[in-house]
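Residue strings, one per chain:
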Amino acid sequence: MRHLRTLAFAGLFTAIAGVSGSVAWADTVPVKLTVVEKELVIDNKGTTQKMWTYGGTVPGPVVRVKEGDVVDFTLTNDPKNQNSHSMDFHAAVVDVLDEFGEIKPGESKHFTFSADHPGVFIYHCGASSMAEHISRGMYGVIIVDPKEGYSKAFPKPDREYVLVHGDLFEAGTSAEDRAMNNHWTGVLVNGKVFHYDPVHDPNAGLTLEAAPGERVRLYFVNAMINEAAALHPIAGIWDRVWDNGNPKNIRYGMQTVEVPPAHGLTVDIVPPADRATNNAIVDHRMKHALNGGITVLMTSKSADPAKGRDGNLVIR
Ligand SMILES: [Cu+2]
């Protein structure tokens, strides 16, 4: 898993006093992403489609910083690309025409911003037509961990996963048709339809895993361009939900949570401790679920200890 946080304290030595009186250090975190337009596998049987990506994957690399860090960002538009591109970090408060402006193939752009709001945010391309750039795969997740750290209301999870739902259109669908959702064919879960669902797709070889009773945290982002996602864990209940991933926005015992386009949230599920179980994490809008938007979370005592731990948040 690409995990772009670096722990260099160089440059910025700003002490941040948290509400609890604890002291955290703000870091400057260098993040460099290159836009790559390429053929990419979009399902479990190996079908490819021309996608536009940050760093060659859909979603792009997870960026993870802590509240108060300065993100030192450089975007490069590969000279082999055909299109102008840009970067819109939803975790940033800047100028849409300045920092978020587009650059041509062969150009680079640098800007910084302070990640002052904790949570889970989408980043995406904002170049015209935005409908085409996002739905061809130009999106990813930035997690801003709260400076207060964990607490009783925001406990440390045993496993963490990132799930991003995006659109799949028929190859060759125009920007205008994408904007109107014409020729829509399915939901990409971390870049593939039914990516983690061996129940509905015999070619699927991956699932999310946990041991019985573990607290599993999902950072969920809806990158679909026109439609909300109705996130529900079949055979489970969201123990806690933090809207936008901010620990202050807490709800308990939720069944289905609506996630608008270009929004994110953090949810915890705690499967039973006394048995092995399965949950189907779905976008409960049936056309979304039945066209790719289902993820199986398996719990067993033999769960892979590497999954959902140590920065291994996106299972590929
Ligand atoms: Cu773009």
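Residues numbered from 1 in each chain as written. Predicted model: local features only at pLDDT ≥ 70, side-chain atom pairs only at ≥ 80, totals over all residues.

**Side note on the overall build of the protein chain**
The helix and strand inventory of the protein chain stands at three helices and 21 strands. Against the globule reference of 20 Å for 316 residues, the protein chain gives a C-alpha radius of gyration of 19 Å, in line with a compact fold. Within the protein chain, the fraction of its 316 residues that count as buried is 45%. Taking as baseline every contact in the protein chain between residues at least 6 positions apart, the subset at least 24 positions apart corresponds to 71%. (Helix = DSSP H or I, 4+ residues; strand = E, 2+ residues; numbered from the N terminus. Rg over C-alpha atoms; globule rule 2.2 N^0.38 Å. Buried ≥ 20, exposed ≤ 12 C-beta atoms within 10 Å, placed from the backbone. Contact = placed C-beta atoms within 7 Å.)

**Thoughts on the confidence of the model for the protein chain**
When pLDDT is averaged along the protein chain, the result is 93, and 92% of the positions lie at 70 or above. Note that residues 1-23 has pLDDT below 50 and, in this model, 41 contacts with residues that lie over four places away or in other chains. (pLDDT = per-residue confidence, 0-100.)

**Describing the environment of Gln49**
The residue Gln49 is located in strand S4 (residues 48-54) in this model. Judged by the 16 C-beta atoms lying within 10 Å of it, Gln49 is partly exposed. Sequence-wise, Gln49 and Arg64 are 15 residues apart; in three dimensions their C-alpha atoms are separated by 29 Å.

**Quick look at the sheet that holds strand S20 (residues 278-283)**
Ordered by their spatial adjacency, five strands build an open sheet running S13-S21-S20-S15-S18, and the pairing between neighbours is mixed. The open sheet has two edge strands with one neighbour each: strand S13 (208-210) and strand S18 (257-259). Strand-to-strand twist in this sheet, taken as the mean axis angle between neighbours without regard to direction, amounts to 25°. Note: S20 against strand S21 (residues 294-299), five bridges, orientation antiparallel. When the bridges of S21 are listed, Ile281 appears paired with Thr295. (Pairing = 2+ DSSP bridges. Axes fitted to C-alpha atoms, helices over the stretch in contact; angles between N-to-C directions.)

**Quick look at the environment of Val35**
Residue placement: Val35 occurs in strand S3 (residues 28-41). With 26 C-beta atoms counted inside 10 Å, the residue Val35 sits in the buried group. Taking the C-alpha atoms as reference, Val35 lies 22 Å from Ala115; in sequence the two are 80 residues apart. Not counting residues up to four positions away in its chain, the partners in contact with Val35 are Trp52, Tyr54, Asn77, Asp78, Asn81 and His85.

**Notes on the nonpolar core**
Of all hydrophobic cores here, the largest spans 79 residues; its most connected members are Phe121, Val141, Ile142, Val162 and Phe220. Summarising the domain contributions, this core has at least three residues from each of domain 1 (14-145) and domain 2 (159-299). In contact with Phe220, other than residues within four places in its own chain, are Leu163, Leu231, Val259, Gly264, Leu265 and Val267. (Core = buried A, V, L, I, M, F, W, Y, C linked by C-beta atoms within 7 Å. Domains from an automatic or database assignment.)

**Let's talk about unusual backbone geometry**
With an omega of -5°, the peptide bond running from Val58 to Pro59 counts as cis. Within the secondary structure, Pro59 sits in the loop between S4 and strand S5 (63-66). The step from Ser128 to Ser129 runs through a cis peptide bond, and the omega angle for that step is -5°. Note on placement: Ser129 falls in the loop between strand S9 (119-124) and helix H1 (130-135). At His183, a residue that is not glycine, the phi angle is positive and equals roughly 65°. Within the secondary structure layout, His183 lies in the loop between helix H2 (175-179) and strand S12 (184-189). Although it is not a glycine, Ala235 sits at a positive phi angle of roughly 70°. One can find Ala235 in the loop between strand S15 (229-234) and strand S16 (238-243).

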